[in-house]
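Fold and contact review
Read off the chains here:
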Amino acid sequence: MKSIDLNADMGEGFGKWRLGDDAALMQIISSANIACGGHAGDPDVMAATFDLARTHDVGIGAHPGFADIAGFGRYRIQLPLGTLQNTIRYQVAAHIGMARALGHEVRHVKLHGALANMCSEDPVLAEAAYDAALSVAPDLTVMVLACTAQQEAVINLGCQWAGEIFADRAYNDDATLVDRRTKGAVINDPKIAGPRIAKMVKEGAIITQSGKRIEAKIDTVCVHGDTLEAIAIAKSVKAAIEVEGIAIEKLPFNKRFP
């Protein structure tokens, strides 16, 4: 039976402040991208999210972004390349170190927010970002926005990667995400999100806002955990995919590197 991963961005609270219903969402998904303290998250939030993932047999991945808690990592920040790489190394190393200390193994890495969008447009920036993450843990699978400069970068690096599409975001004709400030960029209706994603997975293609189809390697589907509709959308996506005879399974550990 064909299978696909269903992931969500999680652990995006800070201190006493919490964002999203991680406990409910963790019961639906197969992989969790857990904030590393850059755009969100702190040691206690990370630890609690790791434990939630273990309880529900969900794979975990590091989710580094710009050091921008006030802007939730969604402001584009221009940094010297070396500084950006060190920012990513710092977050990924902290994430992996804490996970291992608590008995967990990190499977993948996925960039967050504005950093991810910038890397979907610029293969040089993407390659530098992923190279930084892999310098900490070369066995990580890199989760990339399918058919963008992110994919070009991982192919150049020769690392293990997984192609990702978004359940709750609209696409431009170049496979990048429609700007959040644009009407229709965020898909809030579960009745639309589930069938739309099942169609993409079945066809092996991204369907853009204009109706264009872009052939893609689709290994994982993302539901953002910070929206009010996250739980309903995740349930809709999972049900629609399973109706097509496709199982939901977490990304396997990368055995390519000893």
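This one's a predicted model, so the numbers in the text were calculated from it and none came from an experiment.

Burial analysis of strand β2 (residues 31-35) places five of its five residues in the buried class, which makes it a mostly covered element. Side chains of β2 alternate between two faces, with Ser 31, Asn 33 and Ala 35 and Ala 32 and Ile 34 buried alike. Note: strand β1 (residues 3-10) against β2, four bridges, orientation parallel. Note that in β2 the partner of Ala 8 across the bridge is Ala 32. In this sheet, strand β3 (residues 59-63) lies alongside β2 in parallel orientation, the contact comprising five bridges. Bridge pairing in β3 links Ala 32 to Ile 60. Handedness of the β2-helix α2 (residues 43-55)-β3 crossover: right-handed.

Glancing now at the pattern of salt bridges. For the coordinates displayed, the defined rule picks out 11 salt bridges. Residues Arg 54 and Asp 51 are paired through a salt bridge, measuring 3.5 Å at the closest nitrogen-oxygen approach. Residue Arg 54 and its partner Asp 51 are both found in helix α2; the two are separated by three residues, about one turn of the helix. You can call Asp 51 partly exposed: its relative accessible area is 36%. Note that Glu 105 and Arg 100 form a salt bridge whose closest N and O atoms lie 3.6 Å from each other. Three or more residues joined by partner-sharing salt bridges are found here, namely Asp 9, Lys 110 and Glu 164.

Looking now at unusual backbone geometry. One non-glycine residue, Cys 147, lies in the positive phi region at around 70°. Within the secondary structure layout, Cys 147 lies in the loop between β5 (141-145) and α6 (149-157). Of note in the backbone geometry, Ala 175 takes a positive phi value of approximately 75° without being a glycine. Among the structural elements, Ala 175 can be located in the loop between β6 (161-166) and α7 (190-203).

At a minimum axis separation of 8 Å, helix α3 (residues 81-101) and helix α5 (residues 123-136) run at an interaxial angle of 35°. Once α3 is placed against α5, the crossing between them reads as right-handed. Note on element contacts: α5 touches α3 through Leu 125, Ala 128, Ala 129, Asp 131, Ala 132, Ala 133, Ser 135 and Val 136, opposite Leu 81, Leu 84, Gln 85, Ile 88, Arg 89, Val 92, Ala 93 and Ile 96. For the contact of α3 with α5, the residue count by class is 12 nonpolar, two polar and two charged.

Taken together, the side chains of Phe 14, Trp 17 and Ile 69 define a hydrophobic patch exposed on the protein surface, amounting to about 310 Å² of accessible area. You can see Phe 14 is positioned in the loop between β1 and α1 (22-25).

Attention shifts here to the pairing of β3. A regular strand carries its side chains on alternate faces of the sheet. Within β3, five of the five residues are buried, which leaves the element mostly enclosed by the surrounding structure. The alternating pattern of β3 places Gly 59, Gly 61 and His 63 on one face and Ile 60 and Ala 62 on the opposite face, and all of these are buried. With three bridges connecting them, β3 and strand β4 (residues 106-109) associate as parallel partners. Across the sheet, Ile 60 pairs through a bridge with Val 106, a residue of β4. For the segment spanning β3, α3 and β4, crossover handedness is right-handed.

Thresholds applied
- Residues numbered from 1 in each chain as written.
- Predicted model: local features only at pLDDT ≥ 70, side-chain atom pairs only at ≥ 80, totals over all residues.
- Heavy atoms only, no water.
- Buried < 20%, exposed > 50% of the residue type's maximum accessible area, 1.4 Å probe, protein only.
- Helix = DSSP H or I, 4+ residues; strand = E, 2+ residues; numbered from the N terminus.
- Pairing = 2+ DSSP bridges.
- Right-handed = clockwise from strand over helix to strand, strands pointing away.
- Salt bridge = Lys/Arg side-chain N within 4 Å of Asp/Glu carboxyl O.
- Axes fitted to C-alpha atoms, helices over the stretch in contact; angles between N-to-C directions.
- Left-handed = near helix turned anticlockwise from the far one by under 90°.
- Contact = heavy atoms within 4.5 Å.
- Nonpolar A, V, L, I, M, F, W, Y, C, P; charged D, E, K, R; others polar.
- Patch = residues over 30% accessible without salt bridge, like charges linked within 9 Å, V, L, I, M, F, W, Y side chains within 5 Å.
- Areas by Shrake-Rupley, 256 points an atom, 1.4 Å probe, with all protein chains shown as cover.

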